[in-house]
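Structural features, examined
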Amino acid sequence: MSKISLTLTHSVALGPKARRWLALAAAVAARELPRAARTAALSLTVCGDARMRRLNREFRKKDRTTDVLSFPLQAEVRAGDFDLGPASGELLLGDLVISLPKARQQAQEFGISLEEELVHLFFHGFLHLLGYDHEISAVEATLMEKHEKKLLAAFARRRASC
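The paragraphs below set out a description of the structure included in this document. A quick note: this is a predicted structure, and the numbers were derived from the prediction, not measured. Residue positions are given per chain, counting from 1 as you read along its sequence in written order. Note on the predicted model: pLDDT of at least 70 is required for a residue's local features to be given, and 80 or more for side-chain atom pairs to be given and counted; whole-chain, interface and lining totals, by contrast, use all residues. For side-chain calculations, the full set of non-hydrogen atoms in the structure is used, while hydrogens and water are omitted.

Some points on the overall build of the protein chain
Here a strand is any run of E in DSSP of at least two residues, a helix any run of H or I of at least four, and the numbering for each starts at the N terminus. Looking only at helices and strands, the protein chain features five helices and four strands. N-terminal to C-terminal, the α/β element order of the protein chain is β-α-β-α-β-β-α-α-α. As defined in this context, the radius of gyration uses C-alpha atoms, and a globule is described by 2.2 Å times the residue total to the power 0.38. Taken against the 2.2 N^0.38 rule, which gives 15 Å for 162 residues, the C-alpha radius of gyration of the protein chain at 15 Å falls within 12% of a compact globule. Using a 1.4 Å probe on the protein chains alone, a residue whose accessible area is under 20% of its type maximum counts as buried, one over 50% counts as exposed, and one in between counts as partly exposed. When each of the 162 residues of the protein chain is scored for burial, the buried share is 44%. Here the contacts in the protein chain between residues at least 6 apart in sequence split such that 70% fall between residues at least 24 apart. Surface summary for the protein chain: the accessible area is close to 8800 Å², and the carbon and sulfur share equals 52%. Positive and negative side-chain charges of the protein chain, numbering 24 and 19 respectively, have mean locations separated by a distance of 5 Å. Contacts were defined at the residue level, with two residues in contact if any of their heavy atoms lie within 4.5 Å. Reported accessibility uses the Shrake-Rupley method at a 1.4 Å probe radius. Residues are deemed covered only where the shown protein chains occlude them. His is not counted, nor are the chain ends; Lys and Arg add positive charge and Asp and Glu add negative charge. To locate a charge, the coordinates of NZ of Lys, CZ of Arg, CG of Asp or CD of Glu are taken.

Digging into the environment of Leu93
Relative to the assigned elements, Leu93 resides in strand S4 (residues 91-99). Separated by 89 residues in the primary sequence, Leu93 and Ile4 have C-alpha atoms spaced 9.4 Å apart. Not counting chain neighbours up to four residues away, the residues in contact with Leu93 comprise Leu33, Ala40, Ala41, Leu42, Phe71, Pro72, Leu73, Gln74, Val77, Phe126, Leu129 and Leu130.

Let's talk about the pattern of salt bridges
A pairing counts as a salt bridge when a side-chain nitrogen of Lys or Arg comes within 4 Å of a carboxyl oxygen of Asp or Glu. One pass over the full model with this rule turns up seven salt bridges. Linking Glu76 and Arg78 is a salt bridge whose minimum nitrogen-to-oxygen distance equals 3.9 Å. What makes Glu76 partly exposed here is its relative accessible area of 29%. With a shortest N-O distance of 2.5 Å, Arg78 and Glu140 are connected by a salt bridge. Residue Arg78 is found in the loop between strand S3 (68-72) and S4, and its partner Glu140 is found in helix H5 (residues 138-161); the two are separated by 62 residues along the sequence. Within this structure, Arg53, Arg57 and Asp63 form a network of salt bridges that share partners.

Focus on the packing of helix H1 (residues 16-29) against H5
Between N-to-C directions, angles span 0 to 180 degrees; the directions come from axes that are lines fitted to C-alpha atoms, helices contributing only their stretch in contact. Following both chains from N to C, one finds H1 and H5 inclined at 120°, their axes separated by 10 Å at the closest point. Taken together, H1 and H5 sit at an angle that is classed as oblique. Handedness of the crossing formed by H1 with H5: right-handed. On the side of H1, the interface is formed by Trp21, Leu24, Ala25, Ala27, Val28 and Ala29, while H5 contributes Leu151, Ala154, Phe155, Arg158 and Arg159. Following the grouping adopted for this structure description, the nonpolar residues are Ala, Val, Leu, Ile, Met, Phe, Trp, Tyr, Cys and Pro, the charged ones are Asp, Glu, Lys and Arg, and the polar ones are all others, Gly among them. Taken together, the residues that form the contact of H1 with H5 break down as nine nonpolar, no polar and two charged. Our angle categories are set so that under 35 degrees counts as roughly parallel, over 145 as roughly antiparallel, 65 to 115 as roughly perpendicular, and the remainder as oblique. Left-handed describes a crossing in which the near helix is turned anticlockwise from the far one by less than a right angle; the clockwise case is right-handed.

Some words on the side chain of His124
Within the element layout of this structure, His124 appears in helix H4 (residues 114-130). Residue classification places His124 among the buried residues on the basis of a relative accessible area of 15%. In this structure His124 touches Val68, His134, Met144 and Glu148, once residues within four positions along its chain are discounted.

Remarks on the side chain of Glu32
With respect to the secondary-structure elements, Glu32 resides in the loop between H1 and strand S2 (39-47). Its relative accessible area of 19% is what places Glu32 among the buried residues. Not counting residues up to four positions away in its chain, the partners in contact with Glu32 are Phe126, Leu130, His147, Lys150 and Leu151.

What follows is the structure, encoded as structure tokens:
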């Protein structure tokens, strides 16, 4: 069974429940990794809107905040186009950045907890790291949404069993 090594940093206050849920989300997401990757690594940063806006402006040329940004290190993991670390055999996925204020706002809009929205954003960003992109086409958006729902359902089952 595959495993994801999650490095979590945050420049904003992140409660212990949110940290536990994100660690559990990484464990659930590991089931989506290619069989060749026994371990994978990704970095997750939870930040404020000013930093997120700066990153979005710098890397996507959009001068506004956003909920999640993904910075993949591999071309297209889901298509089998990836390299494992030569010494460790680890799959280096990349970096995710989540805006805590945006997550809080969206959680309120959707009538869910902050932790639920953080997990949803984690899965969304994780799928981008694997090579999914909902902005390419309606077909790709539908496929990505299907995978998000699958991950969210698996997360709910895993959380209920803890």
